[in-house]
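# Fold and geometry: a report
One letter stands for each residue in the lines below.
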Amino acid sequence: LDLPLKRNQAFVMTYINQQRARVGELLEGDMQGKRFELLHDGQETNLELQYLVKLVDVLATCAEGENRFIESMCQNIFSLDELLEVVNDKQIPVWCKRPYMRFMVWCYLNTAGGKIESGSGDLDHDVRMWQLLDNVRLMLLKFGAKLKDLLSNQAQTHNLRQSLMRRRTTSVSVKALRKKSAKKPAPGEESEGIEGVVSYLFEGILPMLQVFYQDFFNVQKSEESHRKEIAVSQEIASSLLGMCSQISKILSNQTQFRTFRNTITAIISYNEIEVEERALNKFHTESFEMRPDIRSDAMKAYNHEFFEEEDVNDKLNQFVVNFQTAYEGPNTISHQLSIPIAHDGEYAERGQDEDLPLGREFQDFVNCFTLKHGSEANGRHIQKLVDQLYIYMHSPEFRDLSTSERLAYNQLSIKCLQVLRAMIHNWAIQVPPEGSQGQKSAEERVMKKVSRIQDTINKAKATRKLIPLLSHPNDDIARETLALLASLLFGGNRQVQASFEEYFLGTREEQFFHDLRLRMQRSAVAMRERRALLAQHQAKVERAKKLAETLRVRTTAGKASGATFAQAAAEMASGDVELQERLEEDAKAEEAEDASAEKLEKFRDDGYIELVLRILGFLCDGQQRAIQNYLREQPDNIKTVNLVAETVEYLHLFQNNLDEGNMDIVTQLLQTLVEYTGGNMENQAVIFDMQVITDINLLLRFELPSPKDKRPDWEDRLDKVIRLKDTIMNLLSNMVEMSDEATQKLARQIGDTIHLDTLHNAMLLAFKFGHRLRKMDEPRVDLSDASFTLGFKILHFCKRLDDFKPAGRKWTRHHPLSEEEKTAWDYFNDNTMSIEVMHEDVLQRVYFRVEDQRSLREEVKEQLKWGVNRDSPADKIRDFVSWSEDIRTDMEYQKQLRAHWLAAVFMNGSHVWYYGLLLVTMFLNVFMLATWEAPFDLFQVLPEVPSYYNTVLYIFGGLHLFFALSVAITFFISNLPNFVLPGFTEYFRAEKLKQLALEQSQDGEPEVVVAEEEHYNQISWFGLTSIYHILLVVLSALSLPYKGYFYCFHLLHVVVNNDLLARVLQSVTRNGRSLLWVSVLGFVIIYIYSVASFALLRISFDRNEGLFCETLGQCVLTNVKNGLLSTLGDVIGTHFYSFKGPGIRILFDLSFFIIITTIGLNIIFGIIVDTFSELRDEKWRAQSDMGSVCFICGILSYEFEKRGKGFKHHVKHDHNMWAYLFFFIHLFSKDDNDMTATEHYIMTKMKEKEIDFFPLNQALCLASKEDESKEQLDELKTMVQRLLDRVEKEEATERRKIFHREQEQWERKASQAFRTSVSFGQETASLLASQLSPHGEDDENP
């Protein structure tokens, strides 16, 4: 692309600044006179001059590419005045002016800071600038004439072209300069002067003219002062146009050609600069003519001599590629592993970070370290591989190896790492894709094998021994180490995670974190550099387009009316073969540049950042709180590295630069952040403080590619965008998942910063695309489900924000403006449910998607509502969880059935089959009542019927058979009966299991026998319900040949779906075992009486009256029949021949009547009546419980009527028992590693058979009211406390005033007392003095 690298420019400028005293002495401001002295000398042999020129050239090169920082540094070195003075000085040779001209172009004219900042804003009318342009005009005139004379000599033209090629590819050494200084110029070297002019022209003057006339030139032809400037510009344009045909013969590369063409275009694009139309058209034609061959003689000779060898070499290289492909075989799982697989795909990503060797040889080599053909890892062999890597890294014997030996050991280490990784990779790639048939069970089976291999490698202490390899100087070894660590952590292996945690805490490892941060930083630097190069390339393209458009408007001749030069030349060169070839070459050159730009746009993983992010994500997979915290801060290390913040900092690079090339790495970045923040509030706060919401707002704006897109890869691009936004929503959901005070504060901040309109638009688009993808000619169900899932996650996030909303504000749109938005909102809202759970002693709400509510059958709901144990709230919840497991299995089965169209027809028409069968049965029985007549033969079974009877019977009987068969099929496919034995056999089966356990115990003590769990909705083939449905079909079929005799049985179908009649039957069947044993006891007693009758009362049995007792069996049957229908004494005759006979008979009849007729039958009736009463009471208690107590929390209804929105609203929206059931299904359908922290917590509790997560005696609606009451109470307490404080302050002020008054009074009293004491003292002193003085003195001194 011919673009400068800013990183290298910065390195050079940094070095010059650091070593300025040594290398940049000539650049100091006080050395300006010295610089001009050297420039005026102009001798190429002057080494100091050469150093100055080269140094200025380096500075100009560093400033190239609009580098604002370097521009400002360079502007402090040379001022614009000095530059103009140098380039206008005619005594300075052109080869010295060239770097100064380049310096002026890149530091003052073509800058990133603009004209005002660089100080060149008034350059368009600067006298010195136009003096420079006038000098350029004169130089072009002389150069054109000299070039024309030079090109007339073919030998001189050839020498000039070759010298220009050498000048472009080589530099003059000091030794060559010294030789040149001793050598006198030869007569044939006059062309040396024109070489410098050509170089000065293309590298200095032409770029200056292009920038000046494109960005600075602003003159008006009407103004007198500007006419001279316009004249100079016209002469420059004419000179350049005139030498167009000559200059193209000495150009040495494409860059020079484009520079020349763009410069002319920039000048002639102004209407004020008038040029001849003929010259303009000639420029367009000649600028695309074929240039002569500019290869050197040696290159021509080489190409001619070794043309055939080059062709053979190309074919040999192609043969090597083909042979390698044939040897390795196709890059597919089935071929590389030699196994049949349903979801065959790529075995390895060729050329990517996790590439692996292909071919049977490598797989055989891997199998040498495994058991059972790769299904198990050989721990002993793996230990040797790991030890080999550790020894090579740490043993001092390997530090003094030669280069060849070190390369060999490096290859050995890479191969060891690849073998270890291939053991895991060979099974990991067999994980079935999501949505495939049997995906859940197949994934569990494969992941078990993966985990076993990972654990085996981990037991060899691979974690501790491989992490130091990340610092290996060989980049391939470091990459393979990263790939192996990622494979070890694949699936969130808990043992490997524990090994990492133990390694971090046990060794206080710092290098691991520094290595990962260094790789992130290296990748970030490389990305910024590629982005800068791409921006420069785009700027060049835009500048060229602008010039072409300006020229198109400027051109009046019609031939150059195309938007590009190629179009104009094509129109003018019709029929010109050479010109067409030149156009094709120019087009190929532009395509090559575009291809280079496309490669530059693609993300290249310089620091293997994707592997680094995967490792960090896998380390935290499964909410590993300790590792999450340690990645954020290493408190036991001397220097901590916050990898969480580093990851967010890396994400900032993609704020405005997201495209399809880097979308995968952005998705991986976000997925790593998801793992960081799963249940970790500290990490959530870190990424929020790092402004991650700003990145999310920008990423959410990325549009979904339309299905109307004609590109073949639109589905892959759509999948990438959906996965990106899905990961974004996972991250946002993690940040608002909990309900503690910190999360509430964070959620409100997120609600204030997130772009909700963008979220709502994304949800609407997800809804649209979900439906479009299903209605395509080839429906993409997987993409459609992913699109709908994205919409649901957006809705759940918005609803979660509403849970934390400030008073009077909503973050979701409950009243969409458009009909389309309302449809999308209703769809997502109708298929969303919420539950309340306890997590970390905090009650919180969880939203989730319900995929198919129809899979929960009404009959199953009724069974659960009336059959759950309601003895206590805890028992009710435990029984509900037990029921949920069976219901979940049934719902999953129903969902699979509905996926099949035929099964869905039967299930959706269940009500039609039920009522159809009932109506046809009633019609047939009424028809039989109206048409049947008794036959004349008393022993004939079939009735006499009219002639039309059979026709009606076969029509409605066939319809009846269809309905009966549909009812039976619907029942059996819906319930899938099993071969569980009848209930009375379970006792013997349990006893047999206990006996087997006792026999198998080694110490004679019985082992613990785990009883099979009771299945509440289990249907057996031996059950009454299954037998009944079989009889429905059989008897319906038999009714056709037997005139409808068995249709009476089908009237029993009225009991089905009738709760009252079902309870009547249940009153008999519920205690069936008790009734059976009572009946057995009754039969035994009747049998005893039958034996007594056979022995003593045979004479009383009259055959004519149907009483038989000739055998014991006859006697038993007679007694059973007559004893249950009436009293046995009334039926059997009396034959007495003495008084002893009636006494025995009375005892016999009365005891039978009391025991059988009175007690026995009443016991049976009592059991039935008690059972019916018990069922009635249970129904009443269940109804009362359902109407007055919440099933989930167990709080009475009046609490919700008093403080909430009502009991009905609570049980329907807050604590809907069916929502919890659907949540369990949602939970078990997710991967363990894809669960949120709350979901993971609930799943753990369910596996441990605990119900701590249920909100017993708690509800958010009551908690909010309690919080409000608490807030009001706290506010009242605050007000009271303020009043008390105020009273206390006033009292204290009053006490201080009283104290001050008392103090003042005391002071006054003390002062008065003091004055009194002083006066008293004075009086006393004077009195004493008068008494002590002599009388004489008193007389003399009165």
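Residues numbered from 1 in each chain as written. Predicted model: local features only at pLDDT ≥ 70, side-chain atom pairs only at ≥ 80, totals over all residues. Heavy atoms only, no water.

## As for the overall build of the chain
For the chain, the helix and strand inventory stands at 58 helices and four strands. Out of the 1342 residues belonging to the chain, those deemed buried represent 44%. Element-wise, carbon and sulfur atoms account for 56% of the exposed surface of the chain, whose accessible area totals about 72500 Å². (Helix = DSSP H or I, 4+ residues; strand = E, 2+ residues; numbered from the N terminus. Buried < 20%, exposed > 50% of the residue type's maximum accessible area, 1.4 Å probe, protein only. Areas by Shrake-Rupley, 256 points an atom, 1.4 Å probe, with all protein chains shown as cover.)

## With respect to the packing of helix α23 (residues 439–459) against helix α26 (residues 494–507)
Orientation of α23 relative to α26, taken along the N-to-C sense of each, is 25°, at an axis distance of 9 Å. The orientation of α23 with respect to α26, classified from their angle, is roughly parallel. Contacts between α23 and α26 pair Gln454, Asp455 and Asn458 from the former with Gln495, Val496 and Ser499 from the latter. Each residue belonging to the contact of α23 with α26 can be placed in one class, and the counts come to one nonpolar, four polar and one charged. (Axes fitted to C-alpha atoms, helices over the stretch in contact; angles between N-to-C directions. Parallel < 35°, antiparallel > 145°, perpendicular 65-115°, else oblique. Contact = heavy atoms within 4.5 Å. Nonpolar A, V, L, I, M, F, W, Y, C, P; charged D, E, K, R; others polar.)

## Concerning the state of the cysteines
With the rule as written, the count across this model stands at one disulfide. Here Cys1109 pairs with Cys1115 through a disulfide, and the sulfurs are 2.3 Å apart. Looking down the S-S bond of the Cys1109 and Cys1115 bridge, the torsion is -80°, so its handedness is left-handed. What makes Cys1109 buried here is its relative accessible area of 4%. (Disulfide = S-S within 2.5 Å.)

## Examining helix α18 (residues 307–328)
Its 22 residues place the ends of α18 32 Å apart at the C-alpha level, agreeing with the 32 Å of an ideal helix rising 1.5 Å per residue. Positioned one or two residues after α18, Gly329 has a phi angle of 85°, which is positive. (Expected span 1.5 Å × (residues − 1).)

## Side note on the packing of aromatic side chains
Applying the stated rule across the entire model yields 49 aromatic pairs. An aromatic cluster of three or more residues is present, and its members are Phe848, Phe880, Phe1191, Tyr1220, Phe1223, Phe1224, Phe1253 and Phe1254. Across from the ring centre of Tyr390, 5.7 Å away, lies the NZ or CZ of Lys465, which sits over that ring. Against the face of Phe769 rests Arg772, its NZ or CZ located 5.6 Å from the ring centre. (Phe/Tyr/Trp six-rings, centres within 6.5 Å; stacked < 30°, edge-to-face > 60°. Lys NZ or Arg CZ within 6 Å of the ring centre and 35° of its normal.)

## Brief notes about the pairing of strand β4 (residues 842–849)
Counting buried residues along β4, seven of its eight residues qualify, which places the element largely inside the surrounding structure. Pairing between strand β3 (residues 832–839) and β4: eight bridges, direction antiparallel. Opposite Met833, over in β4, you have Phe848 as the bridge partner. If you look at the hairpin formed by β3 and β4, you'll find two residues sitting between the two strands, and Glu840 has a positive phi there, around 55°. (Pairing = 2+ DSSP bridges.)

## Some points on the pattern of salt bridges
Throughout the structure, instances matching the rule amount to 44 salt bridges. Two residues, Asp826 and Lys822, come together in a salt bridge whose shortest N-O distance is 3.1 Å. With a gap of four residues between them, Asp826 and Lys822 both fall in helix α40 (residues 819–830), about one helical turn apart. Relative accessible area serves as the criterion here: at 40%, Lys822 is assigned to the partly exposed category. (Salt bridge = Lys/Arg side-chain N within 4 Å of Asp/Glu carboxyl O.)

## Things to note about a negative patch on the surface
Where like charges cluster on the molecular surface, the negative patch consists of Glu305, Glu308, Glu309, Glu310 and Asp314. Top element by residues in the negative patch is α18. It accounts for four residues. With respect to the helices, strands and loops of the structure, Glu308 is situated in helix α18. You can call Glu308 exposed: its relative accessible area is 61%. (Patch = residues over 30% accessible without salt bridge, like charges linked within 9 Å, V, L, I, M, F, W, Y side chains within 5 Å. Lys, Arg positive; Asp, Glu negative; His and termini not counted. Charge placed at Lys NZ, Arg CZ, Asp CG, Glu CD.)

## Structural notes on the environment of Arg878
As for its placement among the helices and strands, Arg878 is situated in helix α42 (residues 873–899). Given a relative accessible area of 45%, Arg878 falls into the partly exposed group.

## A look at the packing of helix α22 (residues 403–428) against α23
Closest axis-to-axis distance for the α22/α23 pair is 9 Å, and the angle between their directions is 170°. One element, α22, and the other, α23, form an angle in the roughly antiparallel class. Across from Leu420, Met423, Ile424, Trp427 and Ala428 in α22, the residues of α23 making contact are Val446, Lys449, Val450, Ile453, Gln454 and Ile457. Residues of the contact of α22 with α23, tallied by class, amount to nine nonpolar, one polar and one charged.

## Regarding a nonpolar patch on the surface
Together, Leu1076, Trp1077, Val1080, Phe1083, Val1084, Tyr1087, Ile1088, Val1091 and Leu1112 give the surface a local cluster of nonpolar side chains, amounting to about 840 Å² of exposed area. Tallying contributions element by element places helix α49 (residues 1072–1096) first for the nonpolar patch, with eight residues.

## A closer look at α23
Counting along an α-helix, one turn takes 3.6 residues, and residues three or four places apart therefore face a common direction. The terminal C-alpha atoms of α23 lie 30 Å apart, and with 21 residues this matches the ideal 30 Å at 1.5 Å per residue to within 8%. The inward-facing, buried residues of α23 abut β2 (376–377), α21 (379–394), α22, α24 (462–466), α25 (475–488) and α26. The first or second residue beyond α23 is Lys461, which carries a positive phi of 60°.

## Digging into the environment of His40
With respect to the helices and strands, the residue His40 is situated in helix α3 (residues 32–41). Accessibility expressed as a relative area gives 35% for His40, which makes it partly exposed. The sequence separation of His40 and Gln91 amounts to 51 residues, and the corresponding C-alpha distance is 6.0 Å. Residues contacting His40, with those up to four places away along its chain left out, are Asp89, Gln91 and Ile92. Looking at His40, its side chain comes within polar contact range of the side chain of Asp89, at 2.5 Å. (Polar contact = N/O pair within 3.5 Å; in protein donor to acceptor, adjacent residues only side chain to side chain.)

## Describing the side chain of His960
Locating His960 in the fold gives a position in helix α45 (residues 949–975). Not counting residues within four places of it along the chain, the set of residues in contact with His960 comprises Leu917, Val920, Thr921, Leu924, Ser1036, Tyr1047 and His1050.

## Description of the confidence of the model for the chain
Do not read the fine detail of predicted coordinates wherever pLDDT is low. Looking at the chain as a whole, the pLDDT averages 78, with 80% of positions reaching at least 70. Contacts for the low-pLDDT stretch residues 168–192, under 50 throughout, to residues beyond four places or in other chains number 15 contacts. Here residues 1001–1013 is modelled with pLDDT under 50, and outside its nearest four sequence neighbours on either side it reaches 13 contacts, counting other chains as well. (pLDDT = per-residue confidence, 0-100.)

## Details of unusual backbone geometry
Of note, the phi angle at Ser338 is positive, near 55°, even though the residue is not glycine. With respect to the secondary-structure elements, Ser338 resides in the loop between α19 (333–337) and α20 (360–367). The exposure class of Ser338 is exposed, given its relative accessible area of 51%. The backbone phi angle of Glu840 is positive, close to 55°, even though this residue is not glycine. Mapping Glu840 onto the fold places it in the loop between β3 and β4.

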